[in-house]
Amino acid sequence: MENLSPRIDDVLGKYSVEASNLIPMLQDIQGELGYISPAAVEKIADYLKITENKIYGVASFYSQFRFTPRGRHSISVCLGTACHVRGGAILLETLERELEIIPGECTEDMRFDLNRVACLGCCAMALVLKVDEDVYGNVNVIKLKEILDKYE
Amino acid sequence: MSNFKEIVTKSKKDWDGLFNSEVPLIFLGTASCGIASGAKDVKETILNTIEKNKIEARLVEVGCIGTCYLEPLMDISAFGNPRISYGNVNPKMAEKIIKKYLLDKDTFSQAALGHFGEESFDGIPSFFDHPMLKHQVRIVLNNCGFVDPNNINHYIARDGYRGLEKALQLSPDEVLEEVADSGLRGRGGAGFPAAKKWRICREAPGDAKYLICNADEGDPGAYMNRLLIESDPHAVLEGMLIAAYAIGASNGFIYIRAEYPLAIKRLKNAIDQMEEKGLIGDNILNSDFSFNIKIKEGAGAFVCGEETALIHSIEGERGMPRTRPPFPAVSGLYGKPTVINNVETLGTVAQIIRNGSEWYRQYGVEGNYGTKTFSLVGKIRRAGLIEVPLGTPLRKIIYDIGGGTQKDFKAVQTGGPSGGCVPEELLDTPVTYEDLAAVGSIMGSGGLIVMDADTCVVDVARYFLDFIQKESCGKCTPCRVGTRHMVEVLEKICNGKVDAKGLDELESLAQMVKSTSLCGLGQRAPNPVLTTLRYFRPEYVQHVVDKYCPALVCRELIEYSVVPEKCTGCQRCVSVCPTGAITGPRSEPHNLDVSKCIKCRACYEICRFDAIAGNAIVIGSREEA
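This structure is a prediction, so every number in the text was calculated from the model and none was measured. (Residues numbered from 1 in each chain as written. Chains lettered and ligands numbered in written order. Predicted model: local features only at pLDDT ≥ 70, side-chain atom pairs only at ≥ 80, totals over all residues.)

## Focus: the overall build of chain B
And then number 1: Each helix and strand counted, chain B has 25 helices and 20 strands in total.
And then number 2: The C-alpha atoms of chain B give 27 Å as radius of gyration, which agrees with the globular expectation for 625 residues (25 Å, within 12%).
And then number 3: Principal axes of the C-alpha set define a box for chain B whose edges measure 80 × 70 × 40 Å.
And then number 4: The buried share of chain B, taken over its 625 residues, is 55%.
And then number 5: In chain B, 71% of the contacts between residues at least 6 apart in sequence involve partners at least 24 apart. (Helix = DSSP H or I, 4+ residues; strand = E, 2+ residues; numbered from the N terminus. Rg over C-alpha atoms; globule rule 2.2 N^0.38 Å. Buried ≥ 20, exposed ≤ 12 C-beta atoms within 10 Å, placed from the backbone. Contact = placed C-beta atoms within 7 Å.)

Set out below in structure tokens:
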């Protein structure tokens, strides 16, 4: 397995030793590694001179942070109100069934990870689905397959 | 001496050069909603078409005008004609329009939505006469869809930063006075007078003061802030400068959701361009006023929209609220006096200073002056983002602007998870902070989610409570445990697993959570339940007594079936059914085994759109089937 340690150090080096930098650091680490690894938490604790407990406490509070690796592509299903009234939960359920994972997990072949998101702010286009940086509007369970086929 | 005149001259040159040149302009809306509807593919086609056909034209990417249901939106300005707008443009259409118009000089008027000229043109109506736009008053959204959000010159050429220039010539007290006179109230939802908050902060002891722009737009179903930042970031930034000057802050933050990557990108770019022009940093416009802005990305916690929670989050802590007082305006970020304003509040400030409080007060009604933006979504014909004077009746918004619903109107949910459902009989309620509160709802940040006969209000109440329960920070027990308990009861109601006593239990829980929670999140969480119980009690009763969901949404109470007379046996549904519940030979009516059906909706969708007969699969009540 690739040694991620130098990449973590690179990220930390960009920040001054201030507690208010904790969340931006976690965001940066996740941007780099795709998730918050135990090694990263250890290193941040050292760097900011705070306990690992405190870091887990903050990181687990916010829905953005994940503690498992990402797949090659990230699917986010919008479960905002406009999407809900148009059947967003059924869309998520279909994905769970097809991919055999639940939100927060990643498929065995590492192709997709699945996430739920409170609202992507494209409510006029409900149902909305995001794969990586691509946002799809007016999705339904039938169009789903077509969309996923685009990603290897 | 201020160098503002020089900046304006340069910007105007850039802007006028764009429109006075012989080169046709193609505008494309590339805010997130445009992109979600396929604007990226359209952009590629536009560039390919002009290159392949050697058409001399320039593509300008703009934000969103708010008619989101018409996205992607493409405008063309050419041959001295008014700018013409085309809606729901796909790549094929884009190519056709460009070729017809720019090669054959045929405006292709049958595909046009409207133009932006003064008089009628080529049989095309004015876009501002479009029913969705006609009833709006666009102050905050003034530039959205018209300027390139990545080009500060466009903003400046359209009177941008003139409010800042004017403010810097006034004393901070005079600026405060002007905003106070305008009657502007916080657009984040609570409606606290903006100038009052500023004054408390200004008068609080201490030199270091902070200004925070709250762009943590957490309400699901609301995207006013995203659209404004993506389409016109400088409107918010100019407002921040003026607010900072008035309260005496030299450092500011924009706390914005990480779920809005495009808005963050455009803000960063906007701040870079401000730096180049000396509109941010030390001695802005050669004055004594200095101000810096840092962007803080929220990490996904609804409660961080609450002021004290937001402050904790910026400080690097868990975003948990604390009791107030002291209010942040006295003791906020790092214990210093801090003003937290919503994006829209700040987006309005520059216009008030530019045009004066008198001008602003001509809109709206007494005590509720000015305009408010709303995201009009859900089961509505013309979904999108709108801006209307406060005091406009809900009915006008839903029917005149939104075009009403496809099926019978049921309710409109205002104010997100903290708001309530307003029924048909109260649609003449004017949208003001007080009138909405009187019917049990709130103004909130501006989400209007329209529901029709196909929406189950019990399911919606469950949805909001489930949302709040997941987002509860856990600090106080009524919210942490109470909302969880409420979700459990609501789930039982949706599943028909409880009798009428469940409704009383739900109501008393709701009252308890409302009166004992620590912050606004918990105190308002019961609103969706209390308003639906108040206005739609019969629908609850149908669930618990008759075990019947009239909207055919609650899955334990419904069943899918095939109408044999309609089914042609095309087997499309058989191919998509994940559990093999549908069987039958080709060309003969299929059979649906309810014991295997998981109600995934796949057959229903494919029958509606792809099947030969169409609509042969129906969803009915469990008793009926």
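## A closer look at the overall build of chain A
And then number 1: Check the secondary structure of chain A and you find seven helices and four strands.
And then number 2: What you see in chain A, going N to C, is helices and strands ordered as α-α-α-α-β-α-α-β-β-β-α.
And then number 3: Structurally, chain A occupies a C-alpha span of about 50 × 35 × 25 Å along its principal axes.
And then number 4: For chain A, the residues scored as buried account for 40% of the 152 residues in total.
And then number 5: The long-range share in chain A, meaning contacts at least 24 apart out of those at least 6 apart in sequence, stands at 59%.

## Concerning the domain arrangement of chain B
And then number 1: As far as domains go, chain B holds domain 1 (15–129), domain 2 (152–360), domain 3 (365–452), domain 4 (457–546) and domain 5 (555–621).
And then number 2: Of note, the centres of domain 1 of chain B and domain 5 of chain B, computed from C-alpha atoms alone, are 42 Å apart. (Domains from an automatic or database assignment.)

## Topic: the nonpolar core
And then number 1: Of all hydrophobic cores here, the largest spans 245 residues; its most connected members are Val128(A), Ile242(B), Ala243(B) and Cys603(B).
And then number 2: With 11 residues, helix H11 (residues 233–247) of chain B is the largest single contributor of residues to this core.
And then number 3: Excluding anything up to four places from it in sequence, Ile242(B) contacts Gly163(B), Leu164(B), Ala167(B), Val175(B), Val349(B), Ala350(B) and Ile353(B). (Core = buried A, V, L, I, M, F, W, Y, C linked by C-beta atoms within 7 Å.)

## Details of the packing of helix H7 (residues 162–169) of chain B against helix H14 (residues 343–355) of chain B
Residues and elements named next belong to chain B.
And then number 1: Relative to each other, H7 and H14 sit at 65 degrees, their axes nearing to 8 Å. Taken as a pair, H7 and H14 cross one another with a handedness that is left-handed. Only Ala350, Gln351, Ile353 and Arg354 of H14 make contact with H7, whose side of the interface consists of Arg162, Gly163, Leu164, Lys166 and Ala167.
And then number 2: When grouped by side-chain class, the residues that make up the contact of H7 with H14 number four nonpolar, two polar and three charged. (Axes fitted to C-alpha atoms, helices over the stretch in contact; angles between N-to-C directions. Left-handed = near helix turned anticlockwise from the far one by under 90°. Nonpolar A, V, L, I, M, F, W, Y, C, P; charged D, E, K, R; others polar.)

## Observations concerning helix H13 (residues 307–314) of chain B
And then number 1: Of all eight residues in H13(B), eight are buried; the element is thus mostly enclosed.
And then number 2: By the burial criterion, the buried members of H13(B) are Glu307(B), Thr308(B), Ala309(B), Leu310(B), Ile311(B), His312(B), Ser313(B) and Ile314(B).
And then number 3: Elements in contact with the buried residues of H13(B): helix H2 (22–33) of chain A together with strand E6 (210–215), strand E7 (251–257), strand E8 (292–298) and strand E9 (338–342) of chain B.
And then number 4: Gly316(B) occupies a position one or two residues after H13(B) and carries a positive phi of about 95 degrees.

## Quick look at the sheet that holds strand E3 (residues 74–77) of chain B
All names here are of chain B.
And then number 1: Taken in spatial order, the five strands make up an open sheet running E2-E1-E3-E4-E5, and their pairing is mixed. Strand pairing shows two members of the sheet lacking a second neighbour, strand E2 (58–62) and strand E5 (112–115), which therefore form its edges. The mean angle between the axes of side-by-side strands here comes to 25 degrees, regardless of whether they run parallel or antiparallel.
And then number 2: The sheet contact formed by strand E4 (residues 84–86) and E5 spans three bridges and is antiparallel. Bridging across to E5, Tyr86 finds its partner in Ala112.
And then number 3: Against the sheet, helix H3 (residues 39–52) makes contact with strand E1 (25–29), E2 and E3, and its axis sits at roughly 165 degrees relative to E1, the strand it touches most. (Pairing = 2+ DSSP bridges.)

## Focus: the environment of Gln27(A)
Residues and elements named next belong to chain A.
And then number 1: Positionally, Gln27 belongs in helix H2.
And then number 2: A count of 20 C-beta atoms within 10 Å places Gln27 in the buried class.
And then number 3: In this structure the C-alpha to C-alpha distance between Gln27 and Gln64, which are 37 residues apart in sequence, comes to 8.3 Å.

## Focus: the sheet that holds strand E4 (residues 134–136) of chain A
All names here are of chain A.
And then number 1: An order of E2-E1-E3-E4 is seen for the four strands of this open sheet, with the pairing classed as mixed. Looking at strand neighbours, the two that pair on one side only are strand E2 (112–117) and E4, the edges of this open sheet. Here the average twist between neighbouring strands, direction ignored, is 20 degrees.
And then number 2: As paired elements, strand E1 (residues 73–78) and E2 share six bridges and run parallel to each other. Each bridged residue has a counterpart across the sheet, and for Val77 the counterpart in E2 is Arg116.

## Topic: the interface of chain B and chain A
And then number 1: Contacts between chain B and chain A engage 50 residues on the former and 40 residues on the latter.
And then number 2: Counting only elements with at least two residues in the side of chain B that touches chain A, the list comes to helix H2 (32–36), H13, strand E12 (371–378), strand E16 (447–452), helix H18 (457–471) and helix H25 (602–609) of chain B.

## Digging into the pairing of E9(B)
All names here are of chain B.
And then number 1: Most of E9 is tucked away: five of the five residues are buried.
And then number 2: What you see with E9 is no split at all: Thr338, Ile340 and Asn342 on one side and Val339 and Asn341 on the other are buried throughout.
And then number 3: Two strands pair when backbone bridges link them, and E6 and E9 are joined in this way by five bridges, in the parallel orientation. Following the sheet pairing, Asn214 is matched in E9 by Asn342.

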